[in-house]
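Fold and geometry: a report
The chain contents come next:
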Amino acid sequence: MNALTKRGRNAGRLLAIAWALVVALLLAHNAYLWLGKRIAPETDILALLPVQERDPVLQASFTHMVDAAQQRVAVLVGAPDWADARRAAEAYGAVLARHADLFHSTPLDEQTQNDWLALFQQHRLTLLAAPQETQLRQEAPSFWRDAALSQLYSPFGGPKLGAWQDDPFGLFSGWVQERAQETPVRPRDGHLFVADGERQYVLLPLTLRLPAFSLGAQESALPVLAQAEAAARQAVAGVEIISAGVILHAAAASSQAAGEMSTIGLGSLAGIILLTWLTFRSVKPIALILLSISIGCLGSLSVCWLLFGKVHLMTLVFGASLIGVAQDYGIYFLCNRLGADPALDSRALLRRLLPGLCLTLLAAVIGYMGLALTPFPGLRHMAVFSALGLVFAWLTVVFWFPALIGGGSLKSGVLVARYGARARWPLLRANRATLIGGVLFAVFAVVGISRLGVNDDIRLLQTPPAHLIRDQIKLGKLLDGPTPVQFYLVRGDSAESVLQREETLKLRLLPLIAQKHISGVQAMSNWVPSLQTQAARRALLDAAILQPGAALDLLAQSVDEGPEWAGKVRAQLEQAGAPLSIDAFLQVPASEPWRHLWLGKVEGGYASIVALRGMQYAAIPLLAKAGEGMPGVQWVDKVSEISSVLGRYRVYMGAVVLGAYVVVFGLLLPRYRRRTWRVLAPTALASVAVLALLGYLNLPLQLFHVLALMLLLGVGVDYGIFMQEHPDRRNNTPWLAVGLSAANTILSFGLLALSKTAALQAFGLTMLIGTALVWLLSPCFATADPRSAADAAGEI
C-alpha cells in the first residue's frame, strides 16, 4: 500500500512539473502576443455574423458594400447663413489638413471638375438622359434646331459644359444634369453644399487611411475629429456638426466593450475574493482560486490565437464571465478539503473527488460547445475560448492544488458558520406538498410559456449610442444615400449582359420611384450604359440630328453658316461617338464613388449591385417583388437574411439543448443509476421557469436566450453532481460548494445582464435567473439516503 501511495505521489509530482512547463509556455506566448507582437482584439461587429457559405457571390456583394462604406466618414457643418457654414467648415478642415496621415479628402476646384468630366466628354454622343432619348424618338428635327438656338441666344438656356459648338443641342449637359440628380449635393464656392429648410451645410467627405476597426485608428482619429469639431464651434458659435461613419460606431462599441470587460472581470474577481475570504479566512485559498482562473484565461487566449489567428473584443467581454464558472472546480476541492478529516492526504481526497470533477467538466464543456454549433464565428470563438478556459482551470486544480495545499485542514470563516444547513432545506418526497407544488409550478410554467413570443430581428441586437443614430438618420435624409444592407444583386454571363439586366430592372423600378417608395437608384449602367443601349442612342442621334437634312443642317441654315460649318461640327461630334466601356470608366477618378457597385468577374460570370436611394422600409415587399422573374436579378435584404438565420438556429439550438440533456443523462447514468434524474431535474425545471418568466416579463425569446439555456445545462449539472456525490444531508460541504459556485456565477452573469450589448444582456439575464433557481432547487432533489456516494452509486 505504501509503495502504491509512493508511486502515486511521484506521478503527481511529475504531472505537476509537466503542468508547470505548460504554464511557462503559456506565459511566454502571452508575453509575446501582448508585449512583442502587440496584438489588438478585433472590433469588427460584422465578424460575429454568419457567412453566406452557399452563395459566395452574394456574400461578396454584401462585403463589397460594407467595405466601401467602412473607410468613409461624412461630416456636415451647418449654419443658417452660408458664409458662417463655410467659415466653420474651413476651420474644421484646417485641423484635418494637419493630419493627412489619418484622413484623405479630394479638393473641389475647377481642375477636379474638369478631370471628372473629361472621360464622359470623349463619349458624349452615346450618353443621353432618358427624357432626351424619348424626345429623339418623338420630336421633329426642327425641335432640336430651336433647342440649339435657345442654348445659343438665351442667357437662361441652362448650364453649359464647354463651348456651344461642342454640345449645341444640350444633350451632354442634359445627361450630366440627370447624373447630378443622384445626389442633392452641389458644388458651391469650392465646397460641397446641401441644405434643408433651416440650415445650409458644407459636406466634408473624408476617407480614413487606416482600417476603421483598428483600435489604433480609433485612438488616433477620434481625438482629431474632436479637435476639428471644437475648432469649428470656436470659429462660429452655434454651428451644427453632423458626423457619420463606421469608425464612430466601432469606437463606441470598443469603448463600451472594454468598459464592460473591466466591470464584469473586476466585479467577478472582487466577489470571488470576498466570498473566498469569508469562507476560508485565509489568503492561500484566494491565491489558489485566482491562480486557476488566471491560467484558464492565459490558456484560452493562447490556444484561441493559435486556432483562429485573432481574438474578438466581444469574446473577451463574454470570457470575462468565465471567471464565475472556472472557479467551480477549485471551490469544490477547497470546500471538501475544509470538511475532510485532517489526516486525509490531499491527493487521496482528489482521487475521491475526481469522478465528480470529471463529470462536471464534461457537462460544462458540452454546454459551451453547444454554442459552437451555430453559424456565427463570434459565438464559436466565445465557445472555444470558454471551454478551453474551463479545461485549463480544471487541470490546474487537479495537478497543482493537492501539492500546494498539502495535508491538514483549512480554516473556516464566518460564512461557513452562518451559511444555512443543508439538512434544514426542504426535500422532495412523494407526498401532498410535493404534488401541490408540482401542480402550481406546472400552471405557472404553462401560462408563462403560452405568453412567450419570439423576435429574431437582428436590429434588436444593435445598441449604438443615441447621438450616433440621430446623426446617421439626419445625414442619410440630407444626402439621400442608399442603404448597404438592402439592394439588388445582378448577374450575367458577361459585363454586357449584366448592364442590360440592370437597365431592365431600372425600368421596373420607375413606378416605385413615382410612388415615392424610393427616390432613385444607383447603378453602374447609369454611368456606363450597355453597348446595346449606346448603339441604339447613337442611331437615334444619327437619324434626328447628324444625317443630312436633319437638325444639324437646319441649325447651320439658321445661324447663317454653310455646309462646311455643319460638316466641321458633325465631324467633331462623331469623334465623341465611340462607346464607353466599363474598364475605361473604372480607371478614372470619376468612378471612385461608384466602384463598389461593380463586382466584376465572379464565380459563374459577372455581377453588379443596384443600390436604392431614399428607401422606405414599408416598401421592402414591393421591392422584393419587383425583381421576381427577372433572369440574373436577386433581391438582397441582409437584415431579413440574418434575422431568418437567427430564427432557424433558435429552433435548431432548442432541439440541441434537448439532445444535450439526453447525452448528459447517458454520461451520468453509469455512476448515478436511478438517481441520475435528480442530477438533471433542478437544471431542467430552472430552464422551464426561465422561459415562463420571460413570458411574464413580455421579453421575446431570442437565439441568445436558448444558447444561455445550453450553457445553464453545463453549469447547473455541476451543482446536481456536487449534491449527489455527497448524499449525506448531515454533510454541509457540498451545499457550501454549491452556494459559493452559484454566488460567483450569479455575480458574473448578473454583471453580464447589465451589458448594453443586447445579445450579452439576454445571455446574462437567462443565466442569472437560471443559476439562482438551480441553486435553490438542487438540495430539494438530493437523496434522503445517508449512505456514501460509492454505495449509493450501486442503487438499481
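Here the structure is a predicted model, which means the values were calculated and not measured.

Procedures and definitions
- Each chain has its residues counted from 1, running along the sequence as written.
- Residues qualify for local features only when their pLDDT is at least 70, as the model is predicted, and side-chain atom pairs are given and counted only at 80 or more; totals for whole chains, interfaces and linings, by contrast, use all residues.
- To get the side-chain values, take all heavy atoms of the structure and skip hydrogens and water.
- The secondary structure listing takes helices from DSSP runs of H or I that are at least 4 residues long and strands from runs of E that are at least 2 residues long, numbered from the N terminus.
- With a 1.4 Å probe rolled over the protein chains alone, any residue whose accessible area is under 20% of its type maximum counts as buried; one over 50% counts as exposed, and the rest are partly exposed.
- Whether two residues are in contact is decided by their heavy atoms, any of which lying within 4.5 Å being enough.
- Working definition of accessibility: Shrake-Rupley area with a 1.4 Å probe, residue cover restricted to the visible protein chains.
- By the criterion applied in these results, polar contacts are pairs of N or O atoms within 3.5 Å in which, for protein atoms, one can donate a hydrogen and the other can accept it, and in which residues neighboring in sequence qualify only through two side-chain atoms.
- Think of a 1 Å grid over the protein atoms and nothing else: a 1.4 Å probe that fits but is trapped marks a cavity, an open set flanked by protein within 12 Å on at least five of seven lines marks a pocket, and residues with an atom within 4 Å of a point count as lining.
- Grid points are joined across faces, edges and corners, and a volume is the space filled by probe spheres set on the points.
- Each residue gets one label: Ala, Val, Leu, Ile, Met, Phe, Trp, Tyr, Cys and Pro are nonpolar, Asp, Glu, Lys and Arg are charged, and the others, such as Gly, are polar.
- Grouping buried Ala, Val, Leu, Ile, Met, Phe, Trp, Tyr and Cys residues that are joined through side-chain atoms within 4.5 Å yields what is termed a nonpolar core.
- When charges are tallied, Lys and Arg are placed among the positive residues and Asp and Glu among the negative ones, while His and the ends of the chain are skipped.
- The rule for a salt bridge is simple: a side-chain nitrogen of Lys or Arg has to be within 4 Å of a carboxyl oxygen of Asp or Glu.
- The pairing test for Phe, Tyr and Trp rings, Trp by its six-membered ring, is centres within 6.5 Å, and the orientation test on the planes gives stacked under 30 degrees, edge-to-face over 60, and tilted for anything in between.
- Placement of a positive charge over a ring is assigned whenever Lys NZ or Arg CZ falls within 6 Å of the ring centre and within 35 degrees of the normal to the ring plane.
- Helix axes use the C-alpha atoms of the stretch in contact, all axes being lines fitted to C-alpha atoms, and the angles between their N-to-C directions lie in the range 0 to 180 degrees.
- Any angle that falls under 35 degrees is termed roughly parallel, while one over 145 is termed roughly antiparallel, one within 65 to 115 roughly perpendicular, and all others oblique.
- Only residues above 30% relative accessible area that lack a salt bridge enter a patch, with like-charged residues linked at up to 9 Å and the nonpolar side chains Val, Leu, Ile, Met, Phe, Trp and Tyr linked at up to 5 Å.
- Take the number of residues in a helix, subtract one, and multiply by 1.5 Å to get its expected span.
- The arc refers to the directions leading from the helix axis to the C-beta atoms.
- A residue's pLDDT is simply how confident the predictor is in it, with values from 0 to 100.

1. What about the overall build of the chain?
Secondary structure assignment for the chain yields 31 helices and eleven strands. Classification of the 796 residues of the chain by burial places 52% in the buried group. Put simply, 82% of the contacts in the chain that link residues at least 6 apart link residues at least 24 apart. Entry remark: accessible area of the chain is about 34,700 Å², with carbon and sulfur atoms responsible for 62%.

2. Observations concerning the side chain of S525
You can see S525 is positioned in helix α20 (residues 524–527). By relative accessible area, which is 4% here, S525 ends up buried. Side-chain polar atoms of S525 contact the side chain of K506, separated by 3.0 Å.

3. Quick word on the layout of surface pockets
Counted as a void, the second largest pocket has a volume near 800 Å³. Of all elements in the fold, only α5 (130–138), α7 (171–180), α19 (495–514), β8 (520–522), α20 and α21 (531–546) reach the threshold of two or more residues within the lining of the second largest pocket. It is α19 that contributes the most residues to the lining of the second largest pocket, eight residues altogether. Residue composition of the lining of the second largest pocket, grouped by class: ten nonpolar, nine polar and nine charged.

4. Focus on the nonpolar core
Counting 112 residues, the largest nonpolar core has F333, L334, L668, V717 and F763 as the members making the most contacts within it. In terms of residues, this core owes the most to one element, helix α15 (residues 377–405), which gives 17 residues. Those residues in contact with F333 that sit more than four places away from it in its chain are S346, L349, L350, L353, V397, F401, P402 and I405. Counting 48 residues, the second-largest nonpolar core is a separate cluster that includes L58, L499, L599 and A626.

5. Focus: the side chain of E503
Within the fold, E503 resides in helix α19. No salt bridge is formed by the buried E503; the nearest opposite charge belongs to K506, separated by 5.7 Å. Among the polar contacts made by the side chain of E503, one reaches the main-chain amide nitrogen of S530 at a distance of 2.9 Å.

6. Let's talk about empty space enclosed by the protein
Scanning all chains against the criterion turns up five cavities of 30 Å³ or more. Empty space within the largest cavity amounts to approximately 90 Å³. As for the largest cavity, its lining consists of R124, L125, D167, P168, F169, L171, F172, L541, I545, L546 and L573. Contributions of two or more residues to the lining of the largest cavity are made by α7 and α21.

7. Remarks on the packing of aromatic side chains
With the rule as written, the count across this model stands at 18 aromatic pairs. Ring geometry for W82 versus F193: centroids 5.2 Å apart, planes at 90 degrees, classification edge-to-face. You can see W82 sitting in helix α3 (residues 82–97) and its partner F193 sitting in strand β4 (residues 191–195), a full 111 residues away along the chain. On the basis of relative accessible area, W82 is assigned to the buried category, the value being 7%. For F193, a relative accessible area of 19% translates into the label buried. Both rings, one in F333 and one in F401, keep their centres 6.2 Å apart while their planes meet at 75 degrees; by these two values the pair is edge-to-face. Taken together, the residues F333 in helix α13 (residues 328–339) and F401 in helix α15 connect sequence positions 68 residues apart. Of the two residues examined, F333 and F401, each falls in the buried class. One aromatic cluster is present, built from ring pairs that chain together F120, F172, W175, W527, F585 and W594. The ring of W527 has R179 lying over it, and the distance from NZ or CZ to the ring centre is 5.8 Å.

8. Re the packing of helix α26 (residues 638–672) against helix α27 (residues 676–696)
Running from N to C, α26 and α27 point in directions that differ by 150 degrees, and their axes come no closer than 8 Å. Relative to α27, the element α26 is oriented roughly antiparallel. Seen from α26, the contacting residues are Y661, V664, F665, L668, L669 and Y672; seen from α27, they are T676, W677, V679, L680, T683, A684 and S687. Of the residues in the contact of α26 with α27, the class split is ten nonpolar, three polar and no charged.

9. Quick notes on a nonpolar patch on the surface
Together, L435, V439, V443 and V447 make up an exposed nonpolar region whose accessible area comes to about 340 Å². In this fold, V443 is placed in helix α17 (residues 432–450). On the basis of relative accessible area, V443 is assigned to the partly exposed category, the value being 48%.

10. Re helix α23 (residues 563–574)
The end-to-end C-alpha distance of α23 is 16 Å, a good match for the 16 Å that twelve residues give at a rise of 1.5 Å each. Of the positions making up α23, those classed as buried are W565, A566, V569, R570 and L573. Along the axis of α23, the buried positions cluster into a sector of 135 degrees, meaning they face one direction only. In α23, those exposed residues whose orientation departs by more than 90 degrees from the buried face are P563, E564 and K568. Residues of α23 that are buried in the fold lie against α21 and α22 (551–558).

11. What to know about the confidence of the model for the chain
The predicted model of the chain averages 82 in pLDDT, with 89% of residues at 70 or higher. pLDDT under 50 marks residues 786–796. Its contacts with residues more than four places away, or in other chains, come to 20 contacts.

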